[in-house]
Amino acid sequence: MAALNATGTGQKIHNFNGFETRTPFLIGVAGGTASGKSTVCRKIMEKLGQDSIDHRQRQVVCVSQDSFYKELTDEEKILANKGLFNFDHPDAFDNDLIYKTLKEILNEKVVNVPVYDFRKNSRKKDEVMTIYPADVVLLEGILVFYFPKIRDLFHMKLFVDTDPDTRLSRREWLNAENKRLFRRIIFLLTKRILNRSDMPSIHTQLRKTELFWAGLVVRMPEKHLPKCIFLGELRTGAYSHGGQKKSYKDTLKVVLKDCNIDPNTWETLAQNCPAQRSAVTKGVARYDQHRILTAQNKHATKKYADVIIPRGADNEVAIDLIVQTIRDLLQSHSRFQIQGISHDRRIARSRHYSDSQVTRPH
Ligand SMILES: Nc1ncnc2c1ncn2[C@@H]1O[C@H](COP(=O)(O)OP(=O)(O)O)[C@@H](O)[C@H]1O
Ligand SMILES: Nc1ccn([C@@H]2O[C@H](COP(=O)(O)O)[C@@H](O)[C@H]2O)c(=O)n1
């Protein structure tokens, strides 16, 4: 499957399934949330004996797309805390940084990738993960095949295909008192139920309710308490006591934009109940349509995979085949071999390394 040509310059070129590539060999691992992407990658690393090697010396390294979640704006943070931010959308990731990082990895550069804190929906301050040049680099994530520019960088594409009910029923999740996992369970559960009953997503329903409620507040007589609280703040952009700045105004603005309604003319529109109802109904339908299309595109990325791994990490046969392919790739180098047979590479590599790494790849 994998062959090697020696060039006049001593550079090694793989010939893998008909196309030539220099090391490192880039493998994309996609699949739904909790399908077992990380577990499959961990197993691959273990079977290749890479997990026990110092991270600066590894021939195979694994990076997660999760490291590239974008920093949220203040408005988005408020939405995220309410469970209204869609972390499963391709634009939730810093795709330019993913592309730049992969290009640097392909050029055998030492790269630093952010470390993501799911509890804070934010990158960890002052912490990065240093990826040292390796021969095989795995990038795992829910949407690594979504954008053609990134997808085209992979030499091999794997898709971990675990059915949604299994993903949902992973028992460890239920024991974990962890906000992120809890959110994922709720997300998968509601998605399953809503898909089966052909109802709009929870994101869409929440947006619809929020906009109808916001319209009602606009039409209330001036002295009514909800109007004083919400629209007082909306008009002046004031701080709420002990709360975040302009929270109502900002979240409403994001929801209006999602539904293609102009926030500047919203109050005028909301004074006219039938007009507001019609605009909200249309806007929400458009939002839901867009959400469905994105979800379909996301799901459709499976078609780009070279290898589909049913049952995820339980599929030892598939994992062994992938491991053997990587072994073949590594062993086709004359200077070094996997599992410590040769040390030439470590010596040759040592001049690249700096001691600046803060954390290690998993
Ligand atoms: N084959 C499996 N059997 C049982 N539990 C699994 C299996 N694969 C993964 N898990 C568990 O399911 C959860 C999600 O797996 P993970 O590999 O993190 O998925 P992903 O990276 O796709 O989100 C983890 O708690 C993991 O231990
Ligand atoms: N702040 C965040 C960011 C992402 N998520 C969810 O995590 C899932 C991706 O994780 P994988 O382990 O499956 O790669 C994805 O479904 C996001 O919705 C989150 O909950 N909070």
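Residues numbered from 1 in each chain as written. Chains lettered and ligands numbered in written order. Predicted model: local features only at pLDDT ≥ 70, side-chain atom pairs only at ≥ 80, totals over all residues. Heavy atoms only, no water.

Novice: Any chance you could explain the overall build of the chain here in plain terms?
Specialist: Regarding its fold elements, the chain presents 14 helices and ten strands. In the chain, which comprises 362 residues, the proportion classed as buried is 46%. When contacts within the chain are restricted to residue pairs at least 6 apart in sequence, those whose partners lie at least 24 apart make up 70%. Split by element, the accessible area of the chain, about 18700 Å² in all, is 52% carbon and sulfur. (Helix = DSSP H or I, 4+ residues; strand = E, 2+ residues; numbered from the N terminus. Buried < 20%, exposed > 50% of the residue type's maximum accessible area, 1.4 Å probe, protein only. Contact = heavy atoms within 4.5 Å. Areas by Shrake-Rupley, 256 points an atom, 1.4 Å probe, with all protein chains shown as cover.)

Novice: Sorry if this is basic, but what is going on with the nonpolar core here?
Specialist: As a rule of thumb, soluble globular proteins bury nonpolar side chains together. By size, the foremost hydrophobic cluster in this structure holds 51 residues, and its most contacted members are Leu 102, Ile 131, Leu 139, Phe 154, Leu 211 and Trp 266. For this core, the element with the most residues is helix α10 (residues 247-258), which contributes five residues. Counting only domains with at least three residues in this core, you end up with domain 1 (2-185 + 302-348) and domain 2 (197-298). Not counting chain neighbours up to four residues away, the residues in contact with Leu 139 comprise Ile 27, Gly 28, Val 29, Val 63, Ser 64, Gln 65, Phe 68, Ile 98, Leu 102, Val 144 and Phe 154. (Core = buried A, V, L, I, M, F, W, Y, C linked by side-chain atoms within 4.5 Å. Domains from an automatic or database assignment.)

Novice: Would you explain the environment of Pro 114 in this entry?
Specialist: Positionally, Pro 114 belongs in strand β6 (residues 111-117). For Pro 114 and Leu 138, which are 24 residues apart along the polypeptide, the C-alpha to C-alpha distance reads 16 Å.

Novice: How should I be thinking about the domain arrangement of the chain in this particular structure?
Specialist: Many authors give the size of an interface as the accessible area that is lost as the parts come together. Examined at the domain level, the chain breaks down into domain 1 (2-185 + 302-348) and domain 2 (197-298). In this complex, domain 1 contributes 13 residues to the contact, which on the side of domain 2 involves 14 residues. Carbon and sulfur atoms supply 65% of the area buried between domain 1 and domain 2, which totals about 1300 Å² over both sides. Where domain 1 meets domain 2, there are zero salt bridges. Applying the counting criterion to the domain 1 and domain 2 interface returns zero residue pairs in polar contact (both at pLDDT 80 or more). Taken together, the residues that form the side of domain 1 that touches domain 2 break down as seven nonpolar, three polar and three charged. (Buried area = accessible area lost by both parts, 1.4 Å probe. Salt bridge = Lys/Arg side-chain N within 4 Å of Asp/Glu carboxyl O. Polar contact = N/O pair within 3.5 Å; in protein donor to acceptor, adjacent residues only side chain to side chain. Nonpolar A, V, L, I, M, F, W, Y, C, P; charged D, E, K, R; others polar.)

Novice: Just to check I follow, could you spell out the sheet that holds strand β8 (residues 136-140) for this structure?
Specialist: Here five strands make up an open sheet; going across it, the order is β5-β8-β4-β9-β10 and the pairing parallel. Looking at which strands have only one partner, the edges of the open sheet turn out to be β5 (60-64) and β10 (307-310). Taking the axes of each pair of neighbouring strands and ignoring which way they run, one obtains an average angle of 20° across the sheet. Strand direction decides the pairing type here: β5 and β8, joined by five bridges, are parallel. (Pairing = 2+ DSSP bridges. Axes fitted to C-alpha atoms, helices over the stretch in contact; angles between N-to-C directions.)

Novice: Got a minute to help me understand the packing of aromatic side chains in this structure?
Specialist: Aromatic ring pairs are reported here in terms of the distance separating the ring centres and the angle at which the planes meet. As enumerated under the stated definition, the model contains eight aromatic pairs in all. Each residue in the set Tyr 69, Phe 85, Phe 87, Phe 93, Tyr 116 and Phe 118 is aromatic and connected to the rest through ring pairs, giving one cluster. Above the face of the Tyr 99 ring, Lys 149 is positioned so that its terminal group lies 4.2 Å from the ring centre. Geometry around Tyr 304 places Arg 151 over its ring, the cationic atom sitting 3.4 Å from the centre. (Phe/Tyr/Trp six-rings, centres within 6.5 Å; stacked < 30°, edge-to-face > 60°. Lys NZ or Arg CZ within 6 Å of the ring centre and 35° of its normal.)

Novice: How do you make sense of the confidence of the model for the chain when you look at a structure like this?
Specialist: Any region with low pLDDT has predicted coordinates that should not be read closely. Residue-level pLDDT values for the chain average 79, and 72% of them are 70 or greater. With pLDDT under 50 throughout, residues 238-243 is counted as low confidence; its partners more than four residues away or in other chains account for four contacts. The model gives residues 334-362 a pLDDT under 50, and that stretch makes 72 contacts with residues more than four places away or in other chains. (pLDDT = per-residue confidence, 0-100.)

Novice: How do you make sense of the pairing of β5 when you look at a structure like this?
Specialist: On any regular strand, side chains alternate: one points to one face of the sheet, the next to the other face. The buried fraction of β5 is high, at five of five residues. Side chains Val 60, Cys 62 and Ser 64 of β5 all project onto a buried face; the interleaved residues Val 61 and Val 63 project onto the opposite face, where all are buried too.

Novice: Any chance you could explain helix α13 (residues 316-331) here in plain terms?
Specialist: Since the α-helix advances by 3.6 residues per turn, residues separated by three or four positions end up pointing in the same direction. Between its terminal C-alpha atoms α13 stretches 22 Å, which fits the 22 Å expected from 16 residues at 1.5 Å a residue. Within the sequence span of α13, burial applies to Ala 318, Ile 319, Ile 322, Val 323, Thr 325, Ile 326, Arg 327, Leu 329 and Leu 330. (Expected span 1.5 Å × (residues − 1).)

Novice: Could you clarify how one ought to interpret unusual backbone geometry in this entry?
Specialist: The general pattern is negative phi for most residues beyond glycine and trans for most peptide bonds. Unlike most non-glycine residues, Glu 108 shows phi in positive territory, near 60°. Relative to the helices and strands, Glu 108 is located in the loop between α3 (95-106) and β6. Here Glu 108 falls in the partly exposed class, since its relative accessible area comes to 32%. A positive phi angle, close to 60°, is found at Asp 126, a residue other than glycine.

Novice: Would you mind going over the side chain of Lys 37 with me for this structure?
Specialist: For Lys 37, the location among the structural elements is in helix α1 (residues 37-47). The charged side chain of Lys 37 is buried without a salt bridge, its nearest counter-charge being Glu 140 at 4.6 Å. From its side chain, Lys 37 meets the backbone oxygen of Gly 32 in a polar contact 2.9 Å long. Look past the residues within four positions of Lys 37 in its chain and what remains in contact with it is Val 29, Ala 30, Gly 31, Gly 32, Glu 140, Gly 141, Ile 142 and Val 160. (Lys, Arg positive; Asp, Glu negative; His and termini not counted.)

Novice: Would you explain α1 in this entry?
Specialist: Looking at α1, one finds that the buried residues are Lys 37, Val 40, Cys 41, Ile 44 and Met 45. What you see down the axis of α1 is that its buried residues fit within an arc of 135°, all on one side. Considering only its buried residues, α1 is in contact with β4 (25-31), β5, β8, β9 (156-161), β10 and α13. Directly after α1, the chain includes Gly 49, whose backbone phi takes a positive value near 70°. (Arc of directions from axis to C-beta.)

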